[in-house]
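# Coordinates in review
Okay, here's what each chain looks like letter by letter:
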Amino acid sequence: MPEQKDEAVDRARRDLAQRLGMSESDVAVKSVEPVDFPDAALGAPLEDEMSAQVITPGWRIIFKAGETNYEYRATARQLRLFNFNGENYRVQALTES
Amino acid sequence: MSRNNIWVHVTIALALILIAAFAGGVRHWKKAMERSSQLVPYPKQQPDDRENKADDEDDADKVEVLVRFRAGTTREIIDRITREFNDEVEDRIESVDGLDIIADEDGQSAADVVAQYQALPEVEYAETNSEIVLDHEDRGRKHVHADDELFSRQWGLANAGENGGLAGADISAMRAWSVTRGSDQVVVAVIDSGVDYTHPDLTKNIWTRPEIIKAYEDDDLGAVDDQHGFNVVDDDGDPMDENGHGTHCAGIIGAEGGNEIGIAGVNWNVKIMPLRFMDGDGAGTTKDAIEAINYVIDRKRAGVNVRIISASWGSNTRSRALEDVIRKAYDEGILFVAAAGNASSDNDETPHYPSSYNLGNILSVAATNRNDQLASFSNYGANSVHVAAPGEEILSTWLEHGFTEKKGTSMATPFVAGVAALILSQNPKMSVDDLRARLLKSVDPILSLKGKISSGGRINAAKAVGAE
């Protein structure tokens, strides 16, 4: 599990740096905590997305870039960016990356 | 006292002693009968002398199965079949047409004998014989105990108060099973991430399209070989589960009961129609959900007796199209059982779809824990959430032929779908309105649910099938 968590953090940091157009070294990990999400979409559904209503254990990953905090939600097999400019994003599946 | 008088008194005294001894014997025999009725030796006899003991030991080793032959199967045909299998009809259940108790005479296992009969076109269903005992907490009420290996962990079906739980905080499945354990004539569509239809505890209860039903025709895809259902994600006829969630839900509804392995479903006999619209992460699109429901409606119209959709999914996004297709399912007599959601929120204030659509065939389901409390994560709604069912620490079937515990209103939903299927096994023609009303009326009122959901109760399978 620690490896999967680290992989999720690395993947999220890479994704955020790309979105913001900055270096990964400018994206700092603020916190990583285990969370039970309310559904298989990790409480971060896309528009028009349905998800299994099963409690899903994972991690909430908070980054700080500049003065702004960004939240990712992850499990061993998926990664989502939560409420980024009002939208949720499903990052490429970890198992496929 | 004269000598003659003494003999009169002695005679009277002896007579009184004999009467008392006889009366005591009757009480003793009566008590013995009562004790033996607590373990109904169905249909075996208790050995009553040494000469019969050897025969009875042989009988004890005999495998017996319950077989119901389809209407129109004559006694001659039944006799011929049993002769060919080297079996014997032990008894007939006169109150149920075509139901016989059949004893195996050549040392096969119960599972093999059941499989042998199940494969015959003349047979509606075959199942192992289960011990029927009286419920010691509710004297006089019959219940059927499942011999499945992990049954003691299925608190939602039978809660004896383990792990800090509340005894009786369950759906009273064992009492319901004394009346019905389901029917393979009832089809339940599990619209989900698919189902592992090869799971050993599910495979017998997976729907297979009968030859007389034409393959599914899709305008874009053409004919789809929907042998066991439909995969909307990959647009083919293979609804194999890549997540596990759908397999878990399917097990709650209809894992094979009484087969000594794994778990028991609410229904021991049922047909699960697997549909896959959610991917390996457990997520899918509204469009694909609509296509899956459309498939179920099509199959219903084609002649498949699919009367229930179990929908353990949702979101907060309202879709008129999704609502329309569920309404169409209502027109076809299909009950739509939906998860209320896991945000600990009030659906009357913040609706959750599809469970919050105000349609006559929708039952929105909240989750309870092993203490009969509303689960901390469960959504609720005094108007828009209707019933509750066990949804925490729920053990069921999983990928790689395994078993695992999950929690969520996802798990509560198939309990309700399963009880609906039990009701239909008794009343195949019941309308969807009556079916929904029966489920709502047969809840156990629970204090923690009062004012939280419209029925104020957790479902009770025994009440639903008239076992109480």
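Here the structure is a predicted model, which means the values were calculated and not measured.

## Remarks on the overall build of chain B
Counting its regular elements, chain B contains eleven helices and 22 strands. Residues classed as buried in chain B amount to 49% of the 468 residues present. Sequence separation of at least 24 residues holds for 71% of the intrachain contacts in chain B that already meet a minimum separation of 6.

## Re the sheet that holds strand E5 (residues 123-128) of chain B
Sheets are built from strands paired through backbone hydrogen bonds, the pairs being either parallel or antiparallel. All names here are of chain B. In spatial order, the strands read E3-E4-E2-E5; together these four strands make up an open sheet with antiparallel pairing. Lying at the two open borders of the sheet, with one neighbouring strand each, are strand E3 (87-92) and E5. Within this sheet the neighbouring strands show an average axis-to-axis angle of 30 degrees, counted without direction. Bridge analysis of E3 against strand E4 (residues 99-104) gives five bridges, and the strand direction is antiparallel. Pairing of Arg92 across the sheet is with Asp100, part of E4. Taken strand by strand, helix H3 (residues 75-84) contacts strand E2 (64-69), E3 and E4, and its axis lies near 135 degrees from that of E3. Packing against the sheet, helix H4 (residues 110-118) makes contact with E2, E4 and E5, and its axis sits at approximately 175 degrees to E5.

## Comments concerning the sheet that holds strand E6 (residues 87-91) of chain A
Residue and element names in this part refer to chain A. Spatial strand order, E1-E3-E4-E5-E6: five strands in an open sheet with antiparallel pairing. Since the sheet does not close on itself, it has two edges, and those belong to strand E1 (28-37) and E6, each with one partner. Across this sheet, the average inter-strand angle for adjacent strands is 25 degrees, counted without regard to direction. In the sheet, strand E4 (residues 68-74) pairs with strand E5 (residues 79-84) via four bridges, with the strands oriented antiparallel. Pairing of Glu71 across the sheet is with Phe82, part of E5. Helix-sheet contacts for helix H1 (residues 2-20) involve E1, strand E3 (56-65), E4, E5 and E6, and the interaxial angle to E3 is about 40 degrees.

## A word on the pairing of E3 of chain A
In this sheet, E3 of chain A lies alongside E1 of chain A in antiparallel orientation, the contact comprising nine bridges. Its bridge partner lying in E3 of chain A, Glu33 of chain A is registered against Arg60 of chain A.

## Here's the deal with the packing of helix H6 (residues 245-254) of chain B against helix H9 (residues 409-426) of chain B
Residues and elements named next belong to chain B. Between H6 and H9, the least distance of the axes is 8 Å, while the angle of their chain directions is 35 degrees. With respect to the hand of their crossing, H6 and H9 are arranged in right-handed fashion. The segment H6 lies against H9, with His245, Cys249, Ile252, Ile253 and Gly254 engaging Ser410, Met411, Pro414, Phe415, Ala417, Gly418 and Ala421. Residue composition of the contact of H6 with H9, grouped by class: eight nonpolar, four polar and no charged.

## Focus: helix H10 (residues 432-441) of chain B
All names here are of chain B. Listing the buried residues of H10 in full gives Val432, Leu435, Arg436 and Leu439. Down the axis, H10 shows its buried residues gathered within 95 degrees of arc, on one side only. Turned more than 90 degrees away from the buried face of H10 sit Asp434, Ala437 and Lys441, all of them exposed.

## Structural notes on the environment of Gln18 of chain A
Relative to the helices and strands, Gln18 of chain A resides in helix H1. Owing to 10 C-beta atoms within 10 Å, Gln18 of chain A belongs among the exposed residues under this scheme.

## Some points on the interface of chain B and chain A
Every contact between the two is made by 25 residues of chain B and, on the other side, 17 residues of chain A. Contributions of two or more residues to the side of chain B that touches chain A are made by strand E13 (283-285), helix H7 (286-301), strand E15 (313-314) and H9 of chain B. The element best represented in the side of chain B that touches chain A is E13 of chain B, accounting for three residues. Split into classes, the residues belonging to the side of chain B that touches chain A amount to seven nonpolar, 15 polar and three charged.

Thresholds applied
- Residues numbered from 1 in each chain as written.
- Chains lettered and ligands numbered in written order.
- Predicted model: local features only at pLDDT ≥ 70, side-chain atom pairs only at ≥ 80, totals over all residues.
- Helix = DSSP H or I, 4+ residues; strand = E, 2+ residues; numbered from the N terminus.
- Buried ≥ 20, exposed ≤ 12 C-beta atoms within 10 Å, placed from the backbone.
- Contact = placed C-beta atoms within 7 Å.
- Pairing = 2+ DSSP bridges.
- Axes fitted to C-alpha atoms, helices over the stretch in contact; angles between N-to-C directions.
- Left-handed = near helix turned anticlockwise from the far one by under 90°.
- Nonpolar A, V, L, I, M, F, W, Y, C, P; charged D, E, K, R; others polar.
- Arc of directions from axis to C-beta.

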